[in-house]
Amino acid sequence: MKLNDALTARISSAKQEHLLRYFDALTEKEQADFAAQLEEVDFAALPELVENYVLNRPHITIPDDLGPAPYYPLSPRDDAQKKLYLDAVSCGEKLIRAGRVACLTVAGGQGTRLGFDGPKGTFPIGPVTGRSLFAYFAGGIRRTEKKYGVKIVWYLMTSRLNHEATVDFFRKNDYFGLDADQVFFFTQGTMPAIGYDGKLLMNAKNSLALSPDGHGGTLLALRKSGALDKMKRDGVDTISYFQVDNPLVPVIDPKFIGLHHLTGSQMSAVMLAKTNAMEKLGNFCVSQNRLQIIEYSDLPKELAEKTLPDGTLAFIAGSPAIHVIDRTFVETLTAGGKLQLPWHRADKKIPFIGQDGNLVSPESPNGVKLESFIFDALPLAEKTMVLECDRAEVFAPTKNPTGVDSVESCRAMLIDRDCRRLRSAGVKIGDGAQIEIDPALAVDAADVAELVAARNISEIASGEKVVID
């Protein structure tokens, strides 16, 4: 086949003619597939990306007026705030019952860092049963549906690498008790990797070296997949966003949803009080009255360690990547089919096809992968809100096999959470008991109290392994 003249011109204008080096030797199907891949590349924007992010390393500038972001504290400061929180819960519950809230999970990653072969969401995290990360979220959705008498659609963003395996996992598990039509799978966008010379890298004679475009790409993928249109048809205007590696997260938090709505926020965020100045969480900050997140690696040490008169950290608000986002805000950000978020550079070892046509596996970084981050949408919102939450109740990331933010720590926190709720309901629990409550039965302490009363649970012996399902 002959390549489209307009596409050839765009490739030439961006000085990427090397991409067509092997085109004539490809089969007709390979040519068609590669041409379709090339059509997705924004060659007009490429020279600027190369100049700003590859040939020159982006410089992080800390604004002179940067200050700690205000937030709503975990416990209300006064009677007025106490009433606001109660009103927020009531408002959130009303919105959920009205079917105006949907869940959105970013699940494009693999379990490679965990030593696991498969999509990360399929990882068996349950401390007793080994139930998967996906099963935790599905259970939470089912319980929320039952509590509020509503059907909740779950939008689940995969990647090209794990989409089929993810969909197959749901099918084999009968969608974890959900209806098939309430799980909306869509695929994350990609960005081509760029060599240090500014040339796009190829990992085969008929393929670019592509990588996911970052969780910021979720917003554009929502539009391109038709998810935003479906939300609008369904009357959904509020999105509960969370990442796949955190089974402790409430899939929908009425208080968070309600406070987002009552404050008129377009995009809201959960904050956790940092455990130390250098904890690896993004920092909520304000500059020119706009909320933004400064990554832990970019916040100057003197600011990270700055303290208030009472000795607490000034920049204490850390981000666990839990958000509530207005659908209309996403529509505005993605108008015209483009998303204007900054890119973040990552230097990587990227396998590529050399001039002789053979695959080269570099031993050191040879190029750049570009990602967009969803938190960069915060400064674009006219109104934002940050709510402090209890780390023990909402954040147990599964990033490593052992140590901090690991499989071990996550399972321990899941057990601790369930034990804490059982004890608050009057159950005596012996040392070393391992307990797992089916998330489809309980999403909060009130649910657990009802469960304890209904089943007459009074004591769990030391060292016992118990599944309450």
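All of these numbers come straight from a predicted model, not from anything done at the bench.

A short note on the overall build of the chain
Piece 1. For the chain, the count of helices and strands is 14 helices and 24 strands.
Piece 2. Taking 2.2 N^0.38 as the reference for a compact globule, 469 residues should give roughly 23 Å; the C-alpha atoms of the chain span a radius of gyration of 24 Å, in line with that estimate.
Piece 3. When the backbone C-alpha atoms are referred to their principal axes, the chain occupies close to 75 × 55 × 45 Å.
Piece 4. Burial status across the chain gives 52% buried among its 469 residues.
Piece 5. Within the chain, counting contacts between residues at least 6 apart in sequence, those at least 24 apart form 74% of the total.
Piece 6. In the form shown here, the chain has an accessible surface area of approximately 21700 Å², with 49% of it arising from carbon and sulfur atoms.
Piece 7. Computed over 53 positive and 61 negative side-chain charges, the inter-centroid distance for the chain is 2 Å.

Re the side chain of K274
Piece 1. Mapped onto the elements, K274 comes out in the loop between β11 (267-273) and β12 (282-287).
Piece 2. Although buried, K274 forms no salt bridge, and the nearest oppositely charged side chain, E279, lies 6.9 Å from it.
Piece 3. At 2.6 Å, the side chain of K274 and the side chain of N283 are in polar contact.
Piece 4. Sequence-distant contacts of K274, defined by excluding residues within four places in its chain, comprise E279, N283, F315, I316, A317, G318 and R391.

Describing the packing of helix α1 (residues 5-13) against helix α2 (residues 28-39)
Piece 1. Running from amino to carboxyl end, α1 crosses α2 at an angle of 60°, the nearest separation of the two axes being 11 Å. The orientation of α1 relative to α2 falls into the category oblique. In the packing of α1 onto α2, the handedness of the crossing is left-handed. On the side of α1, the interface is formed by L7, R10 and I11, while α2 contributes A35, L38 and E39.

Considering the nonpolar core
Piece 1. Counting residues in hydrophobic clusters, the biggest one holds 53 residues, and the most contacted among them are C103, I125, F134, F137, W154 and F170.
Piece 2. With 8 residues, the single largest contributor to this core is helix α5 (residues 133-148).
Piece 3. Of all hydrophobic cores here, the second largest spans 43 residues; its members include L219, F284, F373 and L378.

Section: the sheet that holds strand β19 (residues 367-371)
Strands belonging to one sheet form pairs held by backbone hydrogen bonds; the direction of such a pair is parallel or antiparallel.
Piece 1. Across the sheet, 3 strands lie side by side as β6-β19-β16; this open sheet has antiparallel pairing. Single-partner strands in this sheet number two, and they are β6 (194-195) and β16 (344-348).
Piece 2. Direction of pairing for β6 relative to β19: antiparallel, over a ladder of 2 bridges. If you follow G195 over to β19, its bridge partner there is G367.

Re the environment of E51
Piece 1. You can see E51 is positioned in helix α3 (residues 46-55).
Piece 2. Along the backbone, E51 and L359 are 308 residues apart, and their C-alpha atoms lie at a distance of 26 Å.

Some details on the pairing of strand β2 (residues 101-106)
Piece 1. Burial runs high along β2: 6 of the 6 residues are buried.
Piece 2. Residues V101, C103 and T105 line one face of β2 and the alternating positions A102, L104 and V106 line the opposite face, and both faces are buried.
Piece 3. In the sheet, β2 pairs with strand β10 (residues 238-243) via 6 bridges, with the strands oriented parallel. The partner of T105 across the bridge, within β10, is F242.
Piece 4. As judged from the 4 bridges shared by β2 and strand β3 (residues 154-158), these two strands associate in the parallel manner. Bridging across to β3, L104 finds its partner in Y155.

Structural notes on the pattern of salt bridges
Piece 1. Per the stated rule, a full pass over the model turns up 27 salt bridges.
Piece 2. The residue R131 makes a salt bridge to E436 at a minimum N-O spacing of 2.5 Å. On the criterion of sequence distance, the pair formed by R131 in the loop between β2 and α5 and E436 in strand β22 (residues 434-437) is long-range, its members being 305 residues apart.
Piece 3. With relative accessibility at 15%, the residue R131 sits in the buried group.

A closer look at the packing of aromatic side chains
Piece 1. Across all of its chains, the model carries 14 aromatic pairs by this definition.
Piece 2. Each ring, one from F134 and one from W154, has its centre 6.4 Å from the other, and the planes form 70°; the classification is edge-to-face. Taken together, the residues span a long stretch of sequence, with F134 in helix α5 and W154 in strand β3 at a distance of 20 residues.
Piece 3. Note on Y155 and F184: the rings are 5.2 Å apart at their centroids and 40° apart in plane angle, and the pair reads as tilted. Taken together, the positions of Y155 in strand β3 and F184 in strand β4 (residues 183-187) put the pair 29 residues apart, joining distant regions of the chain.

Thoughts on unusual backbone geometry
Where the residue is not glycine, phi is negative for most of them; where a peptide bond is considered, it is trans in most cases.
Piece 1. Here N289, not a glycine, exhibits a phi torsion of approximately 65°, which is positive.
Piece 2. Considering the arrangement of structural elements, one finds N289 in the loop between β12 and β13 (290-294).

With respect to α2
Piece 1. Over its 12 residues, α2 extends 16 Å from the first C-alpha to the last, a length consistent with the 16 Å expected when each residue adds 1.5 Å.
Piece 2. Tucked into the core, α2 has its buried residues touching α1, β7 (202-204), β8 (207-208) and β9 (210-212).

Things to note about the side chain of Q188
Piece 1. Within the fold, Q188 resides in the loop between β4 and β5 (190-192).
Piece 2. A relative accessible area of 8% places Q188 in the buried class.
Piece 3. A distance of 2.9 Å separates a polar atom in the side chain of Q188 from the backbone oxygen of G214.
Piece 4. Contacts of Q188, omitting those with residues within four sequence positions, involve G108, M157, T158, S159, P212, D213, G214, H215 and A221.

Procedures and definitions
- Residues numbered from 1 in each chain as written.
- Predicted model: local features only at pLDDT ≥ 70, side-chain atom pairs only at ≥ 80, totals over all residues.
- Heavy atoms only, no water.
- Helix = DSSP H or I, 4+ residues; strand = E, 2+ residues; numbered from the N terminus.
- Rg over C-alpha atoms; globule rule 2.2 N^0.38 Å.
- Buried < 20%, exposed > 50% of the residue type's maximum accessible area, 1.4 Å probe, protein only.
- Contact = heavy atoms within 4.5 Å.
- Areas by Shrake-Rupley, 256 points an atom, 1.4 Å probe, with all protein chains shown as cover.
- Lys, Arg positive; Asp, Glu negative; His and termini not counted.
- Charge placed at Lys NZ, Arg CZ, Asp CG, Glu CD.
- Salt bridge = Lys/Arg side-chain N within 4 Å of Asp/Glu carboxyl O.
- Polar contact = N/O pair within 3.5 Å; in protein donor to acceptor, adjacent residues only side chain to side chain.
- Axes fitted to C-alpha atoms, helices over the stretch in contact; angles between N-to-C directions.
- Parallel < 35°, antiparallel > 145°, perpendicular 65-115°, else oblique.
- Left-handed = near helix turned anticlockwise from the far one by under 90°.
- Core = buried A, V, L, I, M, F, W, Y, C linked by side-chain atoms within 4.5 Å.
- Pairing = 2+ DSSP bridges.
- Phe/Tyr/Trp six-rings, centres within 6.5 Å; stacked < 30°, edge-to-face > 60°.
- Expected span 1.5 Å × (residues − 1).

Everything listed here is a matter of geometry and, on its own, says nothing about what the molecule does.
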